[in-house]
Amino acid sequence: METIHTPPPSPASGVPAPFAALRNSIAGSLHEPGSNSYVALATPWNTAVATRPAAVLEAATAVDVVVGVKFAAVHNLAVAVQATGHGIASDLDGALLIHTRSLDECSLATSRDPHGSATASTGAGVTWKTVLSQCEGPGLATLCGSAPGVSVAGYTSGGGIGPMVRTFGAASDKVRSFDVVTGDGMLRHVTADSEPDLFWGLRGGKGSLGIITGMEFDLLPLPLIYAGTLFFAAADVPKVLRAWAQWCPALPHVATTSVAFMQLPPMPGVPEPLAGKFTIAVRYVYTGNPDDGARWLAPLRAAGTPLLDAVGPMPSSMIGLVHADPDDALPAAEGSALLMSFDTAAADALLAVAGPDSASPQLMVEIRQLGGALAQEPEIPSALCHREAAFGLHTVGAGAPQELPAVAAHSLRLVESMSVWAYGGTLSNFSANTGKSGFSASYTVPVLEKLTLLAQEFDPEHLFRLGQVPTR
Ligand SMILES: Cc1cc2nc3c(=O)[nH]c(=O)nc-3n(C[C@H](O)[C@H](O)[C@H](O)COP(=O)(O)OP(=O)(O)OC[C@H]3O[C@@H](n4cnc5c(N)ncnc54)[C@H](O)[C@@H]3O)c2cc1C
């Protein structure tokens, strides 16, 4: 058994925490302001969010996380966690930031049972890219999101709504177990049987109860999908968007789709027909027979003249190509909302505020069709809320710091213009940087109350109080 050395308490409040003692107590490393490594680790994907944690603990083991949490409790520091920075909490000032990138073990296991089930075990720093690369050989699929560069743990802690969500549900529905360090400094192995309430809260509760150090989840025997993106030019945008709105209600659950207005800058990696232009992208993943997939997509292919038609059979491990989200960090302003429906009147409202003639400053305005398997509560219930929303709206605008307030204001206007169709609330993974109000909007009142009670039990010092943590 490993001995855990907890540094001594501060002699008095207001005295800087003795980080040198913490550094000597961990197998990983500690990074303080003034070093390049601190800047590299504390900078999130959205570089417009300023992050100034008191120090960054780069954990090499789960025990390092225990030591960090206990140290923070003794020195009255808030604790935050970061893997890739894709969804960082809004305000890390003065917190101890625990960075998980070095918890990077990833392995797959295939059982010999009659169903041939397969699982993945991942450390908290593992991204979907790593899991996908290991899935390729055995022909397995996984419920990653649109951007495989995000961490499995961070994504799944918020539910995880990916490009096959209508067929297989949220990623959190497939979790078998977590290893987690709760706010009381305990490292726990959490399953539906061992700690049912914690297991419920960790699937959707978004880091409010503890820091996941590792997890195990099911993979799917699905080597091939019929998937990709159709791109159309600005002139086709209104008719393609209306056609998409009319097409969605009939789609079977084996199909998941989203549509996005894109204004991609000319830069390496952006195909010539799209660079510097206003286009519309129709994303599509069909998990059944490819011929049926093509038949279902035919009305959308015919809705305009595609600039690019990149839809066809592909290995499920290539699913990241469907959205082709950017990996690189950028200064961004994001917005999101959930909708009850998206009909042609909603399409017209969206076109007025964000269409080709609107002078929209957004890099991307996306509508994802939800429903299907997501709308069904899983066999083992979870804290993920708003499953019955029919569509998700998400905006991303990039620009220089002085341009971002106008981009954010436009995003708010856009969300307001959709109020007739609004469902209310957001999905927790899409409420980054919105602090406690964003966190609350991600949950129903009973779920928020239960999460708050669990936080009182498992995080008695309220260490995980920043950003997406229930208020008390
Ligand atoms: C380009 C882009 C595309 C995206 N696409 C999707 C998508 O398709 N579907 C979707 O559902 N989401 C999507 N997201 C949102 C993303 O899944 C969340 O922001 C997720 O939290 C990112 O996790 P991370 O660990 O990579 O990010 P980080 O910024 O490192 O962490 C974000 C938050 O995740 C939680 N977290 C991270 N690690 C842990 C841990 N070890 N234990 C407990 N909590 C933890 C914490 O609350 C933390 O503040 C997208 C985000 C971006 C920027």
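Because the structure is predicted, anything quoted here is derived from the model rather than measured.

Re the overall build of the chain
Assigned secondary structure in the chain consists of 14 helices and 18 strands. Computed over the C-alpha atoms, the radius of gyration of the chain is 22 Å, within 12% of the 23 Å expected from 2.2 N^0.38 for a compact globule of 472 residues. Overall size of the chain, expressed as C-alpha extent along the three principal axes, is 70 × 60 × 45 Å. Here the chain, with 472 residues, has 55% of them falling under the buried criterion. In the chain, the proportion of contacts linking residues at least 24 apart, taken out of those at least 6 apart, comes to 74%. Accessible surface, the chain as shown: approximately 18600 Å² in total, 57% of it carbon and sulfur. Charge-centre separation for the chain: the mean point of 25 positive side chains lies 2 Å from the mean point of 40 negative side chains.

Some details on the environment of Leu451
By the element assignment, Leu451 lies in helix H14 (residues 445-458). What makes Leu451 buried here is its relative accessible area of 0%. Each C-alpha atom, one on Leu451 and one on Leu202, is 9.4 Å from the other, the two residues being 249 residues apart in sequence.

Quick word on the sheet that holds strand S2 (residues 55-58)
Across the sheet, four strands lie side by side as S1-S2-S4-S3; this open sheet has mixed pairing. Strands with a single pairing partner mark the edges of an open sheet, and in this sheet they are strand S1 (29-31) and strand S3 (79-82). Within this sheet the neighbouring strands show an average axis-to-axis angle of 25 degrees, counted without direction. Relative to strand S4 (residues 96-99), S3 runs parallel, the two being bridged by four bridges. When the bridges of S4 are listed, Ala80 appears paired with Leu97. The strands touched by helix H3 (residues 62-74) within the sheet are S2, S3 and S4, with S4 carrying the most contacts at an inclination of about 175 degrees.

As for unusual backbone geometry
The backbone of His386 shows a phi angle near 60 degrees, a positive value even though the residue is not glycine. Examined against the element boundaries, His386 turns out to sit in the loop between strand S17 (364-369) and strand S18 (391-398). Notably, His462 is not glycine yet its phi reads approximately 55 degrees, a positive angle. Assignment of secondary structure puts His462 in the segment after H14.

A look at the site of the ligand
Around the ligand, 32 residues are found, and the nearest of them are Ala83, Thr84, Ser151, Ile161 and Lys206. Contact between the ligand and Gly87: an oxygen atom at 2.8 Å from a main-chain N or O atom of the residue. Ile161 has a polar backbone atom sitting 2.7 Å from a nitrogen atom of the ligand. When isolated, the ligand has an accessible area of 940 Å², and the protein chains bury 96% of it. Residue composition of the shell around the ligand, by class: 14 nonpolar, 15 polar and three charged.

As for the nonpolar core
If you look at the biggest cluster of nonpolar residues, it comprises 75 residues, and the most contacted ones within it are Phe19, Leu22, Leu96 and Val131. If you tally residues by element for this core, the top one is H3, at seven residues. Core analysis: the second largest hydrophobic core is formed by 40 residues, Leu230, Phe278, Leu297 and Leu414 among them.

Comments concerning the confidence of the model for the chain
Taken over all residues, the pLDDT of the chain has a mean of 92, while the share at 70 or more is 93%. Predicted confidence is poor over residues 1-12, with pLDDT under 50, and the contacts of this stretch with residues over four places away or in other chains come to 22 contacts.

Structural notes on the domain arrangement of the chain
Split by domain assignment, the chain resolves into domain 1 (19-99), domain 2 (106-222 + 440-458) and domain 3 (224-434). With centres defined by C-alpha atoms, the gap from domain 1 to domain 2 works out at 22 Å. Contacts between the two partners involve 11 residues from domain 1 and, on the opposite side, 12 residues from domain 2. In total, domain 1 and domain 2 occlude about 920 Å² of area from one another, counting both sides; carbon and sulfur atoms represent 84% of this. Between domain 1 and domain 2 we count zero residue pairs in polar contact (both at pLDDT 80 or more) in total. Of all the secondary structure elements, the ones that give two or more residues to the side of domain 1 that touches domain 2 are H3 and S3. Ranked by residues supplied to the side of domain 1 that touches domain 2, first place goes to H3 with five residues. Of the residues belonging to the side of domain 1 that touches domain 2, the class tally is eight nonpolar, two polar and one charged.

A word on H3
Taking 1.5 Å per residue, 13 residues should reach 18 Å; H3 reaches 19 Å between its end C-alpha atoms and fits that length. Every buried residue of H3 is listed here: Val63, Asp64, Val65, Val66, Val67, Gly68, Val69, Phe71 and Ala72.

Focus on the packing of aromatic side chains
On inspection of all chains with the given rule, the structure shows 12 aromatic pairs. Ring geometry for Trp244 against Phe342: centres 5.9 Å apart, planes inclined by 65 degrees, an arrangement best described as edge-to-face. In this pair, Trp244 is assigned in helix H8 (residues 237-247) and Phe342 in the loop between strand S16 (332-339) and helix H11 (344-354), connecting sequence segments 98 residues apart. Summarising the aromatic geometry, the rings of Trp247 and Tyr284 are spaced 5.8 Å apart at their centres and angled 40 degrees between planes, so their arrangement reads as tilted. Residue Trp247 is located in helix H8, and its partner Tyr284 is located in strand S13 (residues 278-286); the two are separated by 37 residues in the primary sequence. In this structure Trp247 comes out as buried when scored by relative accessible area, which is 8%. Since its relative accessible area comes to 1%, Tyr284 is described here as buried.

With respect to the pattern of salt bridges
In the structure shown here, the tally under the stated rule is 17 salt bridges. Here Arg301 ties to Asp309 by a salt bridge, and the two come within 2.6 Å at their closest N and O atoms. The partly exposed category is assigned to Arg301, whose relative accessible area is 22%. Note on Asp309: relative accessible area 39%, which makes it partly exposed. Between Arg368 and Glu366 there is a salt bridge whose closest N-O contact spans 2.8 Å. Side by side, Arg368 and Glu366 carry an identical accessibility label, which is buried. Through salt bridges with shared partners, one network takes in Asp173, Glu377 and Arg387.

Parameters at a glance
- Residues numbered from 1 in each chain as written.
- Predicted model: local features only at pLDDT ≥ 70, side-chain atom pairs only at ≥ 80, totals over all residues.
- Heavy atoms only, no water.
- Helix = DSSP H or I, 4+ residues; strand = E, 2+ residues; numbered from the N terminus.
- Rg over C-alpha atoms; globule rule 2.2 N^0.38 Å.
- Buried < 20%, exposed > 50% of the residue type's maximum accessible area, 1.4 Å probe, protein only.
- Contact = heavy atoms within 4.5 Å.
- Areas by Shrake-Rupley, 256 points an atom, 1.4 Å probe, with all protein chains shown as cover.
- Lys, Arg positive; Asp, Glu negative; His and termini not counted.
- Charge placed at Lys NZ, Arg CZ, Asp CG, Glu CD.
- Pairing = 2+ DSSP bridges.
- Axes fitted to C-alpha atoms, helices over the stretch in contact; angles between N-to-C directions.
- Near = heavy atom within 4 Å.
- Polar contact = N/O pair within 3.5 Å; in protein donor to acceptor, adjacent residues only side chain to side chain.
- Nonpolar A, V, L, I, M, F, W, Y, C, P; charged D, E, K, R; others polar.
- Core = buried A, V, L, I, M, F, W, Y, C linked by side-chain atoms within 4.5 Å.
- pLDDT = per-residue confidence, 0-100.
- Domains from an automatic or database assignment.
- Buried area = accessible area lost by both parts, 1.4 Å probe.
- Expected span 1.5 Å × (residues − 1).
- Phe/Tyr/Trp six-rings, centres within 6.5 Å; stacked < 30°, edge-to-face > 60°.
- Salt bridge = Lys/Arg side-chain N within 4 Å of Asp/Glu carboxyl O.

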